[in-house]
Amino acid sequence: MIKNLKVSVIIPIYNTEQYLREAVDSVIHQDIGFEDNVQIILINDGSPDNSEEICLEYAGMYPRNIQYIYQDNAGVATARNKALQHVTGSYVLFLDSDDMLGDDVLSKTYTMLEENRQIDVAAVRVKLFEAKDEYHVLDYKYKGDEDRVIDLLEDYDHIQNSCSNTLIRYSSLESKKFNEKLKYSEDLTLMCEILLESNKLGTVPSATYYYRKRED
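As the structure is a computational prediction, the values presented were derived from the model and not from experiment.

Q: A description of the pairing of strand β3 (residues 66-71) should follow, citing residues and the corresponding values.
A: The element β3 is largely enclosed, with a buried count of five among its six residues. As paired strands, strand β2 (residues 38-45) and β3 are joined by six bridges and run parallel to one another. Across the sheet, residue Asp45 finds its bridge partner in β3, namely Gln71. For the segment spanning β2, helix α3 (residues 51-61) and β3, crossover handedness is right-handed.

Encoded structure:
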């Protein structure tokens, strides 16, 4: 693995073999320059399908950038916590294995965090696709076309409910973990811990995270 890359993308995997290639390819095609700047950590949470074969294929294609880890099924929080131990990037993004990144997500959020050292989180818009074609209900945070830093003490209704559509400064994650006792919203609690330290949230309206609203 290449050390000291700009961004590490953690992808927890469970029963998503039909979508996994699209997720991984969306990281490989980032305009930030995948092979020079990005680490992918594929963490298989004991998936019973053929996800492991796909992971090993990609790890074989990009051995300097992609790391594959297997664990017995323990849930997404445990998977993310385990993957965090292998991060080499200065920033981290958690991509769900049935979703996709727009091509410029990493470059634009990376630039915002580099230029605004007072914030630890840069979020992009969430667009639902497949069973629904609409933006997420919290899309009102993204006003206009310009990046902005939100003061959460003033705009306290600008909720950040997910870690998946955000780039996070790794130093803000080092002393934290996802709550492995929670069955859902484990990322919401972690985001609150991070954001309450600075009371600041960066938003990047020109980049998009594609959230698959599955037909099933």
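This is not the end of the story, as more comes after the structure.
Q: Could you give an account of the nonpolar core, naming the residues involved and the relevant values?
A: The nonpolar side chains of soluble globular proteins are, as a tendency, buried together. Counting residues in each nonpolar core, the largest one holds 37 residues, and the members touching the most others are Val9, Ile40, Leu42, Leu95 and Leu106. Not counting the four nearest positions on each side in its chain, Leu42 is found in contact with Ile11, Ile13, Val24, Cys55, Ile66, Gln67, Tyr68 and Ile69. Core analysis: the second largest hydrophobic core is formed by 25 residues, Ile10, Ile43, Cys163 and Leu190 among them.

Q: Got a sec to walk through the environment of Tyr110? Specific residues and values, please.
A: Here Tyr110 is to be found in helix α5 (residues 105-115). On the basis of relative accessibility, which here comes to 16%, the residue Tyr110 falls in the buried class. Residues Tyr110 and Leu190, spaced 80 residues apart in sequence, show a C-alpha to C-alpha distance of 20 Å. Setting aside residues up to four positions removed in sequence, Tyr110 forms contacts with Lys6, Val7, Ile32, Tyr91 and Leu167.

Q: Pulling in residues and values, what's your account of the pairing of β2?
A: Regular strands have side chains that alternate between both faces of the sheet. Of all eight residues in β2, eight are buried; the element is thus mostly enclosed. Here β2 shows a buried face lined by Val38, Ile40, Leu42 and Asn44 and a second buried face lined by Gln39, Ile41, Ile43 and Asp45. As paired strands, strand β1 (residues 7-13) and β2 are joined by seven bridges and run parallel to one another. Bridge pairing in β2 places Val7 opposite Val38.

Q: Could you give me a rundown of the pattern of salt bridges, with the residues and numbers involved?
A: Pairs can form between side chains of opposite charge once their charged atoms are near each other. Within the structure shown, the criterion is met by 13 salt bridges. Ionic pairing is found between Arg169 and Asp120, a salt bridge with its closest N-O pair at 3.2 Å. Taken together, the residues Arg169 in strand β9 (residues 166-169) and Asp120 in the loop between α5 and β6 (121-130) connect sequence positions 49 residues apart. Here Asp120 falls in the buried class, since its relative accessible area comes to 15%. A salt bridge links Lys176 to Glu197; the shortest N-O distance between them is 2.9 Å. Within this pair, whereas Lys176 is found in the loop between β9 and α6 (186-198), its partner Glu197 is found in helix α6, the two being separated by 21 residues in sequence.

Q: Go over the packing of helix α1 (residues 17-28) against α3 with me, naming the residues and quoting the values.
A: Interhelical geometry of α1 versus α3 gives an angle of 25 degrees and a closest axis separation of 9 Å. One finds that α1 runs roughly parallel with respect to α3. Remark: the crossing between α1 and α3 carries right-handed chirality. Two secondary-structure elements touch here, α1 through Glu17, Leu20, Arg21, Val24, Asp25 and Ile28 and α3 through Ser51, Ile54, Cys55, Glu57 and Tyr58. Here the residues of the contact of α1 with α3 are counted per class, giving six nonpolar, one polar and four charged.

Q: Go over α3 with me, naming the residues and quoting the values.
A: Buried within α3 are the following residues: Ser51, Ile54, Cys55, Tyr58 and Ala59. Across the axial projection of α3, the buried residues extend over an arc of 130 degrees, all falling on one side. Across α3 from its buried face, at more than 90 degrees, point the exposed residues Glu53 and Gly60. Lining the buried residues of α3 we find β1, α1, β2 and β3.

Q: Which residues make up the packing of aromatic side chains, and what are the values?
A: When we look at a pair of aromatic rings, we describe it by the centre distance and by the angle of the planes. Across all of its chains, the model carries four aromatic pairs by this definition. Measuring from centroid to centroid gives 5.2 Å for Phe34 and Tyr62, while their planes differ by 90 degrees, and the two rings are edge-to-face. On the criterion of sequence distance, the pair formed by Phe34 in helix α2 (residues 34-37) and Tyr62 in the loop between α3 and β3 is long-range, its members being 28 residues apart. Accessibility classification places Phe34 together with Tyr62 in one group, the buried group. Summarising the aromatic geometry, the rings of Tyr91 and Tyr110 are spaced 5.4 Å apart at their centres and angled 85 degrees between planes, so their arrangement reads as edge-to-face. Highlighted residues: Tyr91 in strand β4 (residues 91-94) and Tyr110 in helix α5, separated in sequence by 19 residues. For the pair Tyr91 and Tyr110, a shared accessibility class is recorded, and that class is buried. Here Arg80 stacks its cationic end above the ring of Phe178, 5.2 Å away from the centre of that ring. In this arrangement the basic side chain of Lys127 is found over the ring face of Tyr135, its NZ or CZ atom lying 5.2 Å from the centre.

The rules behind the values
Residue positions are given per chain, counting from 1 as you read along its sequence in written order. Residues qualify for local features only when their pLDDT is at least 70, as the model is predicted, and side-chain atom pairs are given and counted only at 80 or more; totals for whole chains, interfaces and linings, by contrast, use all residues. Calculation of side-chain values draws on the structure's entire complement of heavy atoms; hydrogens and water are dropped beforehand. When accessible area is computed with a 1.4 Å probe and restricted to protein chains, residues below 20% of their type maximum are described as buried, those above 50% as exposed, and intermediate ones as partly exposed. To qualify as a helix, a DSSP run of H or I must reach at least 4 residues; to qualify as a strand, a run of E must reach at least 2; elements of each kind are numbered from the N terminus. Only strands joined by at least two bridges in the DSSP assignment are considered to pair. For a crossover, the right-handed case is the one in which the path from the first strand over the helix to the second runs clockwise, viewed with the strands pointing away from the viewer. By nonpolar core is meant a set of buried Ala, Val, Leu, Ile, Met, Phe, Trp, Tyr and Cys residues that side-chain atoms within 4.5 Å join together. Any pair of residues with heavy atoms lying within 4.5 Å of one another is described as a contacting pair. In the sections that follow, a salt bridge refers to a side-chain nitrogen of Lys or Arg positioned within 4 Å of a carboxyl oxygen of Asp or Glu. Helix axes use the C-alpha atoms of the stretch in contact, all axes being lines fitted to C-alpha atoms, and the angles between their N-to-C directions lie in the range 0 to 180 degrees. Orientation is classified from the angle alone, with under 35 degrees giving roughly parallel, over 145 giving roughly antiparallel, 65 to 115 giving roughly perpendicular, and any other angle giving oblique. Each crossing is labelled by how the near helix is turned from the far one, with a counterclockwise turn of less than a right angle marking it left-handed and a clockwise turn marking it right-handed. By the convention adopted, Pro, Cys, Tyr, Trp, Phe, Met, Ile, Leu, Val and Ala count as nonpolar, Lys, Arg, Asp and Glu as charged, and the other residues, Gly among them, as polar. Each direction from the helix axis to a C-beta atom contributes to the arc, which is the arc of those directions. Put simply, two rings from Phe, Tyr or Trp (the six-membered ring, in Trp's case) pair if the centres are within 6.5 Å, and we call them stacked under 30 degrees between planes, edge-to-face over 60, tilted for the rest. Criterion for a charge above a ring: Lys NZ or Arg CZ within 6 Å of the ring centre, and within 35 degrees of the ring normal.

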